[in-house]
Amino acid sequence: MPDFDLDSFKKTWQEQPVQEKYDNSEILEMLNKKSRNYVKYIFWISVAEFVFFSILGLFYVIQGKESNSFMSILEKLGARKTTELEGSLDNIYVVLKIMSLSITAYFVYKFYQNYKKIRIEENLKKLILKIIEFKKTVNAFILINILLLIAFTSVFTVFIFYVLNTQHIEVTNSTLTGFIIGIIISTAVAILLIWLYYKLVYGIIMRKLDKNLKQLKDIDSQEF
């Protein structure tokens, strides 16, 4: 039996050519799969949000809590509580809620479309474009949610001033200033919370998707 020379074995092993673990097509396949998963995660998160806010909105409509909160603000400003006023508040809230859920449902559908397109995409350039398109859709979804909050707050604020004017209620300058400052601060805090939520929940996934996109662009540049 020949003697085993460890040093000779090490030298022979080290001199063997190092081969790439994966070629570009295999890397592309892995990145495609990862990208599909990230899009799928955002899709299911948006579905969960839609279901949650639909149930929450239905609960508030049944209980009348949302309109009651605005009614309380009006009463503190000196407005008289009437059946007509309560009905108007309920109608405004229902319309705004339907609008909000409709927009969310539209983006859920768009996310699903993006997922389907990325899932079957094989061309590298088209895959890159689909991921960029998906990123724009997510950014639009976040921006529209913030704009919706501002729009809803503006609508209810205008309605409150309309009621005060209709009922000929004069509000002192200090009360009016406090009301406006309160609206601005509460709206700013709500926008900040929304931004932080999407930055945390969607941001983590989007950063991973950005990393995939960068790698895909690197592969694309190597092919030319």
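Worth saying up front: this structure is predicted, and the values here are computed from it rather than measured.

1. Things to note about the layout of surface pockets
- By volume, the second largest pocket is sized at about 230 Å³.
- Contributing to the lining of the second largest pocket are Lys135, Val138, Asn139, Ile142, Trp195, Tyr198, Lys199, Tyr202, Gly203, Met206, Arg207 and Asp210.
- Elements that contribute at least two residues to the lining of the second largest pocket include exactly helix H5 (124-166) and helix H6 (173-222).
- In terms of residues, the lining of the second largest pocket owes the most to one element, H6, which gives eight residues.
- A class-by-class count of the residues in the lining of the second largest pocket yields six nonpolar, two polar and four charged.

2. Focus on the nonpolar core
- If you look at the biggest cluster of nonpolar residues, it comprises 28 residues, and the most contacted ones within it are Ile42, Phe111, Ile131, Phe134, Val138 and Leu216.
- Where this core is concerned, the elements lending two or more residues are helix H2 (24-63), helix H4 (83-120), H5 and H6.
- No other element matches the nine residues that H5 contributes to this core.
- What Leu216 contacts, discounting residues up to four positions off in sequence, is Leu28, Leu31, Leu124, Leu127, Ile128 and Ile131.
- If you look at the next biggest cluster of nonpolar residues, it comprises 18 residues, including Phe70, Leu77, Leu148 and Phe159.

3. Structural notes on a positive patch on the surface
- Together, Lys34, Lys199, Arg207, Lys208 and Lys211 make up a region of like positive charge exposed at the surface.
- Tallying contributions element by element places H6 first for the positive patch, with four residues.
- Relative to the elements of secondary structure, Lys34 occurs in helix H2.
- Under the relative-accessibility criterion, Lys34 is labelled partly exposed at 44%.

4. Topic: the packing of aromatic side chains
- Inspection of the entire model under this criterion finds 14 aromatic pairs.
- Ring-pair connections join several aromatic residues into one group, and the members of that group are Tyr106, Phe107, Phe111, Phe134, Phe141, Tyr197, Tyr198 and Tyr202.

5. Section: a nonpolar patch on the surface
- Together, Ile181, Ile185, Val189, Leu192, Leu193, Trp195 and Leu196 line one region of the surface with nonpolar side chains, adding up to about 660 Å² of accessible area.
- Judged by relative accessible area, which is 44%, Ile181 ranks as partly exposed.

6. Focus on the environment of Thr157
- Its place among the elements puts Thr157 in helix H5.
- In contact with Thr157, not counting residues within four places along its chain, are Phe179 and Ile183.
- A polar contact of 2.6 Å, which involves the side chain of Thr157, links it to the backbone oxygen of Thr153.

Cut-off values and rules
Residues numbered from 1 in each chain as written. Predicted model: local features only at pLDDT ≥ 70, side-chain atom pairs only at ≥ 80, totals over all residues. Heavy atoms only, no water. 1 Å grid on protein atoms, 1.4 Å probe; cavity = no way out; pocket = protein on both sides within 12 Å on 5 of 7 lines; lining within 4 Å. Points joined across faces, edges and corners; volume = space filled by probe spheres on them. Helix = DSSP H or I, 4+ residues; strand = E, 2+ residues; numbered from the N terminus. Nonpolar A, V, L, I, M, F, W, Y, C, P; charged D, E, K, R; others polar. Core = buried A, V, L, I, M, F, W, Y, C linked by side-chain atoms within 4.5 Å. Buried < 20%, exposed > 50% of the residue type's maximum accessible area, 1.4 Å probe, protein only. Contact = heavy atoms within 4.5 Å. Patch = residues over 30% accessible without salt bridge, like charges linked within 9 Å, V, L, I, M, F, W, Y side chains within 5 Å. Areas by Shrake-Rupley, 256 points an atom, 1.4 Å probe, with all protein chains shown as cover. Salt bridge = Lys/Arg side-chain N within 4 Å of Asp/Glu carboxyl O. Lys, Arg positive; Asp, Glu negative; His and termini not counted. Charge placed at Lys NZ, Arg CZ, Asp CG, Glu CD. Phe/Tyr/Trp six-rings, centres within 6.5 Å; stacked < 30°, edge-to-face > 60°. Polar contact = N/O pair within 3.5 Å; in protein donor to acceptor, adjacent residues only side chain to side chain.

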